[in-house]
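Results of the structural survey
The chain contents come next:
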Amino acid sequence: MSNPWLAIDVATAPAQRAREVRRAWERFIGGGSQFGSNETAVAEPTSVREPIAASWRRSAAAGVDPSGLRIAPVVADADETSARWEMHPLAEMAPLIRSCLAASADESGHLIVVSDANGVLLWVEGNARVRLQAADSMNFAEGTLWSEGGAGTNAIGTALAAEHAVQVFASEHFNEVVQSWTCAAAPVYDPDTGQLIGVIDLTGEMATVHPHSMAVATATAQAVEAQLRVQMLRRDGRLLARYGDRLVDGTEPRALVAPSGRIVASQPLGWLPKSHVKLPPGGGQLPLGEDRSLLAEALGCEEAYLVRAVPAVTPRGHGGTALSLDLLGRGRAEVELSGKRLQLRLRHSEIVTLLCANPNGLTSEELSLGVYGDHLRAGSIRVEISRLRKLLGDCIEPEHYRLRAGVTSDVAQVCSLLHRGEVREAASRYPGPLLPSSTAPGVIREREALESWMRQSVMSAGDQDALWAWLQTASGSQDLAAWQRLLANLPFHDPRRSLAASRIGSLRARTDPPSEDHQHHVTPV
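These lines cover the structure that appears in this document, whether it is placed above or below. Treat the numbers as computed from the prediction; the structure is a model and nothing was measured.

**With respect to the packing of aromatic side chains**
Summed over the entire model, instances satisfying the criterion amount to 6 aromatic pairs. On the basis of an interplanar angle of 10° and a centroid distance of 5.8 Å, the ring pair of Trp85 and Trp123 is categorised as stacked. In this pair, Trp85 is assigned in helix H3 (residues 78-87) and Trp123 in strand E2 (residues 121-125), connecting sequence segments 38 residues apart. Owing to a relative accessible area of 10%, Trp123 belongs among the buried residues under this scheme. Grouped by ring-pair contacts, the aromatic residues Phe28, Trp56 and Phe174 constitute a single cluster. Over the aromatic face of Tyr372 sits the side chain of Arg377, whose NZ or CZ is 3.9 Å from the ring centroid. Its end group placed over the ring of Trp468, Arg496 keeps NZ or CZ at 5.3 Å from the ring centre.

Structure representation (structure tokens):
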């Protein structure tokens, strides 16, 4: 067979091929008597396709049990899986996937499946009998892990590992319990980032194997990528309509850049050497060469960036001031101004916080409403802005108040990372709530919004390190549901399990009403 990614062709009898692969699988794992051994003997696979042989070697190296005694683990409960699916970029592609695959799946008795980039099943649709049989026999259901490390050789896991469409048939599956099934899967890439974001799969009983299933899965993945590209180009059009004039505002080379770092447009064309740039969280400078650097300025609510070339070193007399703001987990803002650190008064901290949250700027009336809850105190705001400008120099523009380009903050960095889906890094940079001692209405609103965004992200990301980072914050340490999720998903040997169990007990004791046996009774004197 010329295509090594295809399990079977129309000229091959499935039963004969299944027997050949079974004998090769038995030779590879050392024979049926070795199934229960902790140290399964393996031999070099022969008579199998190279992609399958490579996958068997990876599965064996990962310690996957081929006996079927341990099946794909559950890594997300129903609520978490639903939350992950709702946030996943392929969720809105479900109607397209269904329209491409439904007829073929119904005719052949296959299930339509979508996994994320880690191999967690997010969506399974198809014949109710086949769904039930797949769930009962091999734990093939939403929330289970079908990477090669989780379930051994299978179309989803092998497509992820090899980054290629593949069909897996019968005993080509590494785990014996899966060998009565056949599957074909194709990876899907995000045209914006170039990253693999998930897998589209067709899974059915072994007798339904057909070479066309891989072609159908591949064509569907290509159709989804094309639709994602159309959506990306529409977003680009909106960004150009909104910010295109910024490309011609100055004489230096400029580029409009998507949050992913992809170049949307540039002036002059092609002055940046690559199609993507690595954006610092929240904006800021990054090197371009010996004599120039790039300055990335966030536009809107970080829906895009303006990247422009600037001298690598600010010339003498330029008057520019480097300012970074630390606002998270602190009672008052701390600033680093041209290499010196100082702490702002609470009122000034609230003003710079609102300016960070509104990069397009605010009027004195809008700032008054956010700080005092009353737009009639604009005069007080103008006085405070005047004092801030004396303290911080030209970092605040004087009329429609906004922070100048190049001012960075820890809030902007965290928001930028969350926008990109880099949840673990965002959580590690989140020491606590935004200005927790402030009672300014606008600050409270921003604080609660960021806290909710962070919690939702770590709870649905499926990343235990990100969840752990959240639990180290003041809010996360009191989050019973987050501690429970961590305990449920940590490996048995992880030393954090004992702390999680202890913390859950402590939080439950605070919230649960005392039983009658523990209620205090007054003893008569």
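**Considering the pairing of strand E7 (residues 263-267)**
Most of E7 is tucked away: 4 of the 5 residues are buried. Alignment of strand E6 (residues 254-257) against E7, held across 4 bridges, turns out to be antiparallel. Its bridge partner lying in E7, Val257 is registered against Ile263. Adjacent in sequence and paired antiparallel, E6 and E7 are bridged by 5 residues, among which Gly261 carries a positive phi angle near 95°.

**Brief notes about helix H14 (residues 441-460)**
Here H14 contains 20 residues, and its C-alpha end-to-end distance of 29 Å stays within 8% of the 28 Å for a straight helix at 1.5 Å per residue. Taken as a whole, H14 has its buried residues at Gly442, Val443, Arg447, Leu450, Glu451, Met454, Ser457, Val458, Met459 and Ser460. With its phi angle positive at about 70°, Gly462 sits one or two positions after the end of H14.

**Some thoughts on empty space enclosed by the protein**
If you walk through the whole model with that rule in mind, you get 2 cavities of 30 Å³ or more. In this structure, the largest cavity occupies an estimated 50 Å³ of space. Taken together, Met138, Phe140, Trp146, Asn154, Ile156, His173, Val178, Trp181, Cys183, Asp201 and Thr203 form the lining of the largest cavity. Of all elements in the fold, only strand E4 (181-189) and strand E5 (196-205) reach the threshold of two or more residues within the lining of the largest cavity.

**Some thoughts on the environment of Ala61**
Secondary-structure assignment places Ala61 in helix H2 (residues 50-61). Taking the relative accessible area as the measure of exposure, Ala61 reaches 70% and is therefore exposed. In this structure, the C-alpha to C-alpha distance between Ala61 and Gly149, residues 88 residues apart in sequence, is 9.0 Å.

**Overview of unusual backbone geometry**
The linkage connecting Gln267 with the following residue, Pro268, adopts the cis geometry, with an omega of 0°. Tracing the backbone shows Pro268 in the loop between E7 and strand E8 (284-287). A positive phi is found at Ala170, a non-glycine position, where the angle reads about 50°. On the secondary structure map, Ala170 appears in the loop between strand E3 (166-169) and E4. Phi is positive for Leu435, which is not a glycine, with a value near 40°. Here Leu435 is to be found in the loop between helix H13 (423-428) and H14.

**A closer look at the sheet that holds strand E11 (residues 323-326)**
The strand order across the open sheet built from 4 strands is E13-E12-E11-E14, with neighbouring strands paired in mixed fashion. The outermost strands of the open sheet, each flanked by one partner alone, are strand E13 (340-343) and strand E14 (408-409). Here E11 pairs with strand E12 (residues 334-337) via 4 bridges, running antiparallel. Pairing of Asp326 across the sheet is with Glu334, part of E12.

**Here's the deal with the pairing of E2**
With respect to burial, E2 is a largely interior element, 4 of its 5 residues being buried. In this structure, strand E1 (residues 111-116) lies alongside E2, joined through 4 bridges in antiparallel fashion. Residue pairing for E2: Val113 is matched across the bridge by Val124. Where E1 folds back onto E2 in an antiparallel hairpin, the turn is made up of 4 residues, including Gly119, whose phi is positive at roughly 95°.

**Some points on the sheet that holds E5**
Sheet strands pair via backbone hydrogen bonds, and the direction of the pair is either parallel or antiparallel. With antiparallel pairing, 5 strands are arranged side by side in an open sheet as E2-E1-E5-E4-E3. Single-partner strands in this sheet number two, and they are E2 and E3. Ignoring strand direction, the axes of neighbouring strands in this sheet form an average angle of 20°. Note that E3 and E4 share 4 bridges and pair antiparallel.

**As for the packing of helix H4 (residues 94-108) against helix H8 (residues 212-243)**
Where H4 contacts H8, the axes come no closer than 9 Å and their chain directions differ by 165°. Between H4 and H8, the angle is such that the two are roughly antiparallel. Crossing of H4 over H8 shows right-handed handedness. In contact with Leu96, Ile97, Cys100, Leu101 and Ser104 of H4, H8 contributes His212, Val216, Ala217, Thr220, Ala223, Val224 and Gln227. Looking at the contact of H4 with H8, its residues break down into 8 nonpolar, 4 polar and no charged.

**Section: the layout of surface pockets**
Roughly 1,900 Å³ of volume is contained in the largest pocket. Lining the largest pocket are 49 residues, and of these Pro89, Asp190, His419, Arg420 and Gly421 lie nearest its centre. Counting residues per element, the ones that place at least two in the lining of the largest pocket are H3, E5, H8, helix H12 (410-420), H13 and H14. For the lining of the largest pocket, the element with the highest residue contribution is H8, accounting for 8 residues.

Criteria and cut-off values
- Residues numbered from 1 in each chain as written.
- Predicted model: local features only at pLDDT ≥ 70, side-chain atom pairs only at ≥ 80, totals over all residues.
- Heavy atoms only, no water.
- Phe/Tyr/Trp six-rings, centres within 6.5 Å; stacked < 30°, edge-to-face > 60°.
- Helix = DSSP H or I, 4+ residues; strand = E, 2+ residues; numbered from the N terminus.
- Buried < 20%, exposed > 50% of the residue type's maximum accessible area, 1.4 Å probe, protein only.
- Lys NZ or Arg CZ within 6 Å of the ring centre and 35° of its normal.
- Pairing = 2+ DSSP bridges.
- Expected span 1.5 Å × (residues − 1).
- 1 Å grid on protein atoms, 1.4 Å probe; cavity = no way out; pocket = protein on both sides within 12 Å on 5 of 7 lines; lining within 4 Å.
- Points joined across faces, edges and corners; volume = space filled by probe spheres on them.
- Axes fitted to C-alpha atoms, helices over the stretch in contact; angles between N-to-C directions.
- Parallel < 35°, antiparallel > 145°, perpendicular 65-115°, else oblique.
- Left-handed = near helix turned anticlockwise from the far one by under 90°.
- Contact = heavy atoms within 4.5 Å.
- Nonpolar A, V, L, I, M, F, W, Y, C, P; charged D, E, K, R; others polar.

Shape descriptors only; they carry no functional weight alone.
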